[in-house]
Amino acid sequence: TQLLEQSPQFLSIQEGENLTVYCNSSSVFSSLQWYRQEPGEGPVLLVTVVTGGEVKKLKRLTFQFGDARKDSSLHITAAQPGDTGLYLCAGAHSNDYKLSFGAGTTVTVRA
Amino acid sequence: NAGVTQTPKFQVLKTGQSMTLQCAQDMNHEYMSWYRQDPGMGLRLIHYSVGAGITDQGEVPNGYNVSRSTTEDFPLRLLSAAPSQTSVYFCASSPNLYRDTYNSPLHFGNGTRLTVT
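Described in the following lines is the structure provided in the data block. (Residues numbered from 1 in each chain as written. Chains lettered and ligands numbered in written order. Predicted model: local features only at pLDDT ≥ 70, side-chain atom pairs only at ≥ 80, totals over all residues. Heavy atoms only, no water.)

Take the overall build of chain A next. The secondary structure content of chain A amounts to zero helices and 11 strands. At 13 Å, chain A has a C-alpha radius of gyration in line with the 13 Å of a compact globule built from 111 residues. Its C-alpha atoms give chain A principal-axis dimensions of about 45 × 30 × 20 Å. In chain A, buried positions account for 43% of the 111 residues. Within chain A, residue pairs in contact and separated by at least 24 positions form 53% of the contacts whose partners lie at least 6 positions apart. Of the roughly 5,200 Å² that chain A leaves accessible, carbon and sulfur atoms contribute 49%. Across chain A, the centroid of the 9 positively charged side chains sits 4 Å from that of the 10 negatively charged ones. (Helix = DSSP H or I, 4+ residues; strand = E, 2+ residues; numbered from the N terminus. Rg over C-alpha atoms; globule rule 2.2 N^0.38 Å. Buried < 20%, exposed > 50% of the residue type's maximum accessible area, 1.4 Å probe, protein only. Contact = heavy atoms within 4.5 Å. Areas by Shrake-Rupley, 256 points an atom, 1.4 Å probe, with all protein chains shown as cover. Lys, Arg positive; Asp, Glu negative; His and termini not counted. Charge placed at Lys NZ, Arg CZ, Asp CG, Glu CD.)

Below, the structure written as structure tokens:
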């Protein structure tokens, strides 16, 4: 059983559309990270959120940490083919040396 | 800086064979870890190390051994490979994940794709 549940598992949209990826857990995290992974490569960090209710923007990507620090969302506005990839969320607990990853959402943006 | 370097990139083993996956980082990171990635299951932590001479088990440690004799290197050993160990393996490092997750993202290598027949 995954500690972090991501939904949807797959998402295919047309260029210019918006999309939202969700990351949910019953556990409270001290921080949550979002990574993007392209085929044949390792994941690369996009953002870290630490405060309940925190919203961070990275160009067309908006990340939100839930008020209770149990869930997070990633919203992409006007998606482009370059946004295609596997998006992974990862949660950390204070005084813990481990990051727990969700199973990921595969996003495909069609030109 | 090369970052995190993993070798080999691809490997095929027969059941029962042993091998070592190599991982090296040149960023002087204290924290290093090994994950395996399987379809639909995300990344699962195998072993991790918070510094030279210190290692600990993650979520799925069975069948794998690690050691950390230097800050730079963190090899993963499969003593007797099994088909269930067919996976993509990622090594990742961080400046000090255990002290400051916010300022310590994981830096991943590009993975080793292992097939056990």
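Moving on, we get to the pattern of salt bridges. Considering all chains together, one arrives at five salt bridges over all chains under this definition. Measuring nitrogen to oxygen at the nearest pair gives 3.9 Å for the salt bridge that ties Glu 54 of chain A to Lys 56 of chain A. With a relative accessible area of 21%, Lys 56 of chain A lands in the partly exposed category. Connected through salt bridges with shared partners, the residues Arg 36, Asp 38 and Arg 44 of chain B form a single ionic network. (Salt bridge = Lys/Arg side-chain N within 4 Å of Asp/Glu carboxyl O.)

In the segment running from Ser 7 of chain A into Pro 8 of chain A, the intervening peptide bond is cis, with an omega of -10°. Put simply, Thr 7 of chain B and Pro 8 of chain B share a cis peptide bond, and its omega is -5°. Turning to its location among the elements, Pro 8 of chain B is positioned in the loop between strand S1 (4-7) and strand S2 (10-13). At Asn 28 of chain B, a residue that is not glycine, the phi angle is positive and equals roughly 60°. Within the secondary structure, Asn 28 of chain B sits in the loop between strand S3 (19-25) and strand S4 (31-38).

Another aspect to go through is the pairing of strand S9 (residues 87-94) of chain B. Residue and element names in this part refer to chain B. Burial of S9 is extensive: eight of the eight residues sit out of reach of the surface. Sheet analysis places S9 next to strand S11 (residues 112-116), joined by three bridges and oriented antiparallel. When the sheet's bridge partners are listed, Val 88 is paired in S11 with Arg 113. The pairing of S9 with strand S10 (residues 107-108) spans two bridges and is antiparallel. Counterpart to Ser 93 in the pairing with S10 is His 107. (Pairing = 2+ DSSP bridges.)

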